Amino acid sequence: MIILAEGNIHIKFLAFYVFLLLSFKAKAKCKTGCNFALASYHVWEGANLTYISNIFGQQVPEILQYNRQVLRDYNGTRIKVPFSCDCLNGDFLGHTFTYITQHDDTYNTIAENAFANLTTVEWLSRVNVYAPTQIPDKVPINVTVNCSCGNRHVSKDYGLFETYPLRPGEDLSFVAVETGVPAGLLVTYNRGSNFSSGNGLVFVPARDQNGNFPPLKLR
Ligand SMILES: *[C@@H]1O[C@H](CO)[C@@H](O)[C@H](O)[C@H]1NC(C)=O
Ligand SMILES: *[C@@H]1O[C@H](CO)[C@@H](O)[C@H](O)[C@H]1NC(C)=O
Ligand SMILES: *[C@@H]1O[C@H](CO)[C@@H](O)[C@H](O)[C@H]1NC(C)=O
Ligand SMILES: *[C@@H]1O[C@H](CO)[C@@H](O)[C@H](O)[C@H]1NC(C)=O
Ligand SMILES: *[C@@H]1O[C@H](CO)[C@@H](O)[C@H](O)[C@H]1NC(C)=O
Ligand SMILES: *[C@@H]1O[C@H](CO)[C@@H](O)[C@H](O)[C@H]1NC(C)=O
């Protein structure tokens, strides 16, 4: 009797364990990514297309396809850079770039300059082993940039998204004008984002090489 009862407890325990596993699995937030997303890179003084091309590991002509109106002087403008949008750890959509540290780099310079606020110091500290004060020169660093593949509950008309770091002074209407996407749609896709905060990422429906908004690919 006692042995049976114990066996029962084991079975219950096993069932509970399986239940835990299943519920954990059900919590996987993404299964696959999408072909690509765009990164909105605010060009700081001294950065140029060659530099951006190296940072993102993307050829200049490929980048130019998404930027119809690259001016001769793009200091202070935004350049759209394509990158593959992956499902990382079954948890969220993003891409991990490898950046080689330069002399005097800190997580701050990497986040705010090299990657133009497409990532943050907190995020860099989490995906790298180095203490923020002890980053060696000329070593590879993980730089994770978030992305979006769309949301079928919002609209099936949009399947390409730009990861857009807000800058001080860029409010909702500014982003709407800048990107040509209605403000209402921006809000729906970015519930919980504060468009007046002057920082943080928002995800903006974007146009492909042909200038069209590609629809959501249902998987
Ligand atoms: C591009 O930017 C890099 C990094 O700031 C700089 O070293 C390089 O000289 C620049 N190239 C041109 C052609 O301006
Ligand atoms: C680049 O833009 C900044 C900010 O608008 C400005 O202060 C700076 O003079 C510009 N530099 C060049 C070389 O145009
Ligand atoms: C990143 O954000 C910081 C803080 O707002 C700002 O000073 C910096 O100019 C931004 N970097 C770029 C490339 O826009
Ligand atoms: C990217 O997404 C992760 C997971 O949702 C989040 O924890 C992180 O803060 C995001 N990073 C940025 C820079 O917004
Ligand atoms: C980058 O991420 C990989 C995978 O998580 C990890 O093995 C590696 O140690 C990380 N690199 C650094 C510099 O922390
Ligand atoms: C959004 O950010 C602005 C500027 O930081 C702040 O004044 C405002 O209270 C924030 N709004 C919300 C809803 O958090």
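The preceding data block contains the structure.
These numbers come from a predicted model, not from an experiment.

Trainee: Would you mind going over the site of ligand 6 in detail, with residue names and values included?
Mentor: In the vicinity of ligand 6, the contacting residues are N194, S196 and S197. A distance of 2.3 Å separates an oxygen atom of ligand 6 from a polar atom in the side chain of N194. For ligand 6, whose accessible area on its own is 360 Å², the fraction buried by protein is 25%.

Trainee: How would you summarise the state of the cysteines if you had to cite specific residues and measurements?
Mentor: Applying the stated criterion across every chain, the model contains 3 disulfides. A sulfur-sulfur distance of 2.2 Å marks the disulfide that ties C30 to C87. Given an S-S torsion of about 85°, the disulfide between C30 and C87 has right-handed geometry. A residue pair is termed long-range when its members are at least 10 positions apart, and C30 in the loop between α1 (2-26) and β1 (34-42) and C87 in strand β2 (residues 78-88) qualify at 57 residues. Each member of the pair C30 and C87 is classed as buried. Put simply, C85 and C147 are joined by a disulfide, and their sulfur atoms are 2.1 Å apart. The S-S bond linking C85 to C147 shows a torsion near 95°; that makes this disulfide right-handed. In this pair, C85 is assigned in strand β2 and C147 in the loop between β4 (140-146) and β5 (161-165), connecting sequence segments 62 residues apart. Numbered by order of appearance in the sequence, the disulfide-linked cysteines of the chain pair as 1-4, 2-6, 3-5.

Trainee: Describe unusual backbone geometry, naming the residues involved and giving the relevant values.
Mentor: Within the chain, D104 stands out as a residue other than glycine whose phi angle is a positive 75°. Along the chain, D104 turns up in the loop between β3 (92-100) and α4 (107-114). Despite not being glycine, A116 shows a phi value in the positive range, around 45°. Structurally, A116 is set in the loop between α4 and α5 (121-127).

Reading the values: rules and limits
- Residues numbered from 1 in each chain as written.
- Chains lettered and ligands numbered in written order.
- Predicted model: local features only at pLDDT ≥ 70, side-chain atom pairs only at ≥ 80, totals over all residues.
- Heavy atoms only, no water.
- Near = heavy atom within 4 Å.
- Polar contact = N/O pair within 3.5 Å; in protein donor to acceptor, adjacent residues only side chain to side chain.
- Areas by Shrake-Rupley, 256 points an atom, 1.4 Å probe, with all protein chains shown as cover.
- Disulfide = S-S within 2.5 Å.
- Helix = DSSP H or I, 4+ residues; strand = E, 2+ residues; numbered from the N terminus.
- Buried < 20%, exposed > 50% of the residue type's maximum accessible area, 1.4 Å probe, protein only.

The values reported here are purely geometric and, on their own, carry no functional implication.
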